[in-house]
Structure formats: structure tokens, C-alpha cells
Amino acid sequence: MYITPDLIEQRKQIQQAFAVQPGDQILDVGSGPGFLAGDIGESVGSTGWVCGIDISEPLLAVAKAHCAHQPWVEFFSAEAATLPFPDGHFDAVISTQVLEYLPDVNTALNEIYRVLRAGGHAVILDTDWDSIVWHTTNRARMNHILTVWDDHTTDPRLPRTLAQRIHKVGFQVESQQIIPIFNPHFDTNTFSNHLIDLIVPFVSGRQGVTSAEALTWAQELRQLGNQGDYFFSLNRYLFIAKKA
């Protein structure tokens, strides 16, 4: 999923939304496989530093291997709610698809604020999972499965309250924008195709969804794709905030 054209384009848009300078010190909270951290590492150069943190040891291993040619890009095991860095340490902190999974978003936002220098920026991206538009011939089944899928996050509608939360921490919210993921045609190398593979095992056996029902749901979507009748859209929301 991380190397689909959809997420490659998302990473480009995130970088375009704020100006990274050579020599900057950047923290990536929830760095995953390190693709975004590596891209930012190219922008800050060897005079800067990019630090990625994650709680997944397998993803940290992938990230370290991916950025092995960039010694100024490093990765550590740490949690968003207890960032192991001193106050005012970073020029920017990035968090993509992380806060919606946390039990205490406000604590994580306070930590992001704390480790930023005055004038530094927080760059936060999360999904409103109600924004999915997915063509189906069985709307009741689709609604049921997507309702169960909501349970994969702590707050599947977090972007609706993020601007207010960010402001309360002390940030000045400078911009809010939508980054859509749009697959009007079916292709195996798309975000939505890989999302199908994540949803099926998660919903199977939960809230009355059987494995057979989930597999039938997935099969229908791919059949619609083969028939030229596929449509998927999902909105992610990007917030840029400045520490006064």
C-alpha cells in the first residue's frame, strides 16, 4: 500500500504543503516504513536531521533499511504520547495517519507542541472514514462492513475536531486542506485494492460479519472493477499549524 501511486502522490502533497529547508531538524511521529522520512531527508540534506519514531519493530527495521544510505535519517522506538526529546528541539513535527489511532490525542498534541521550537510547524494528516464513497450493488452489506471497519481506529472521524484540538494546545492553525484518494478505475496497484485486503480479515467474525460475507463483499468490488464499473474515493485532511 505504501508504494502505490496514491500514497506516493500523498507524500508529495504533504511535502509541498510546508517548506522544509536544508539543515532543518524534523520529527516524523509514526514513521512506518520510512518512505516519507526518507523523502524529507533528501530535502534537509546531510546538514539536517530527520528522526522517525514508531512502535512497530518490523516497520522500524524496514525504515532503517530503506534509509540506510542517509545517515542523517534515524529511527527509534517511541510513543507519540511520551516523546523522548527535549523542549524546542525540532523545526517541524509530522504526523500522518497516527493520531486517529491514539487513545489520548490531546496528550500527543501537547507533546508535539512541546518538542517544537518557537515558530516551528506541526504537519498533521488523518482520515475521516465516513468520507468513503465505494460503488456497490449491495448497499446494506457495504454499510455494515464499513461500520465494523470503523473499529480499526480509536476515532474514525478525528479530522472534524482536529483544528479545535490543535488550537487549544496553543498552535495557530495556518491551513486546512483535503488530500483525496481517488480510484475511479480498478487496478491492483491502488490504495483501495490493498484496503480491501486489510478490511476483510479485520471485519471477519466481528459484529455478525462472517468470513464468507466479507469475502463476497471483496469479490463483488473486484468483479465490478473487471466490468469497468468501479469507483472509490476517500478524503484525508491535512492541517498545518505554527507554534507561536
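Higher on the page you've got the structure.
These lines cover the structure that appears in this document, whether it is placed above or below. Keep in mind the model is a prediction, meaning the values are calculated, not measured.

Re the nonpolar core
- Counting 29 residues, the largest nonpolar core has Leu27, Phe85 and Leu99 as its most contacted members.
- Elements with a minimum of two residues in this core: strand E1 (25-29), strand E2 (49-54), strand E4 (90-96), helix H4 (105-115), strand E5 (116-127), helix H6 (159-169) and strand E8 (232-243).
- Here this core gets five residues from one element, more than from any other, and that element is H4.
- Here Leu99 is in contact with Val105, Ala108, Leu109, Ile124, Asp126, Leu158 and Leu162, once residues within four sequence places are set aside.
- Met142, Trp149, Phe191 and Leu234 belong to the second-largest nonpolar core, a separate cluster that totals 25 residues.

Topic: the pairing of E2
- For E2, the buried fraction is high: six of the six residues fall into the buried class.
- Neither face of E2 is left uncovered, since the one carrying Trp49, Cys51 and Ile53 and the one carrying Val50, Gly52 and Asp54 both have all their residues buried.
- Pairing geometry for E1 and E2, over five bridges, is parallel. The residue bridging Val29 from the neighbouring strand is Ile53, located in E2.
- In terms of handedness, the path from E1 via helix H2 (residues 35-44) over to E2 forms a crossover that is right-handed.
- Here five bridges tie E2 to strand E3 (residues 73-77), and the two strands are oriented parallel to one another. Residue pairing in the sheet places Val50 in a bridge with Val73 of E3.
- Running through helix H3 (residues 57-66), the crossover from E2 to the neighbouring parallel element E3 is right-handed.

Notes on the packing of helix H5 (residues 139-149) against helix H8 (residues 211-226)
- One way to put it is that H5 packs onto H8 with a least axis distance of 11 Å and a crossing angle of 115 degrees. H8 is crossed by H5, and the crossing has left-handed handedness. On H8, the residues touching Arg141, Met142, His144 and Ile145 of H5 are Glu213, Ala214, Thr216, Trp217, Glu220 and Leu221.
- Its residues placed into classes, the contact of H5 with H8 shows five nonpolar, two polar and three charged.

What counts, and at which threshold
Residues numbered from 1 in each chain as written. Predicted model: local features only at pLDDT ≥ 70, side-chain atom pairs only at ≥ 80, totals over all residues. Heavy atoms only, no water. Core = buried A, V, L, I, M, F, W, Y, C linked by side-chain atoms within 4.5 Å. Buried < 20%, exposed > 50% of the residue type's maximum accessible area, 1.4 Å probe, protein only. Helix = DSSP H or I, 4+ residues; strand = E, 2+ residues; numbered from the N terminus. Contact = heavy atoms within 4.5 Å. Pairing = 2+ DSSP bridges. Right-handed = clockwise from strand over helix to strand, strands pointing away. Axes fitted to C-alpha atoms, helices over the stretch in contact; angles between N-to-C directions. Left-handed = near helix turned anticlockwise from the far one by under 90°. Nonpolar A, V, L, I, M, F, W, Y, C, P; charged D, E, K, R; others polar.

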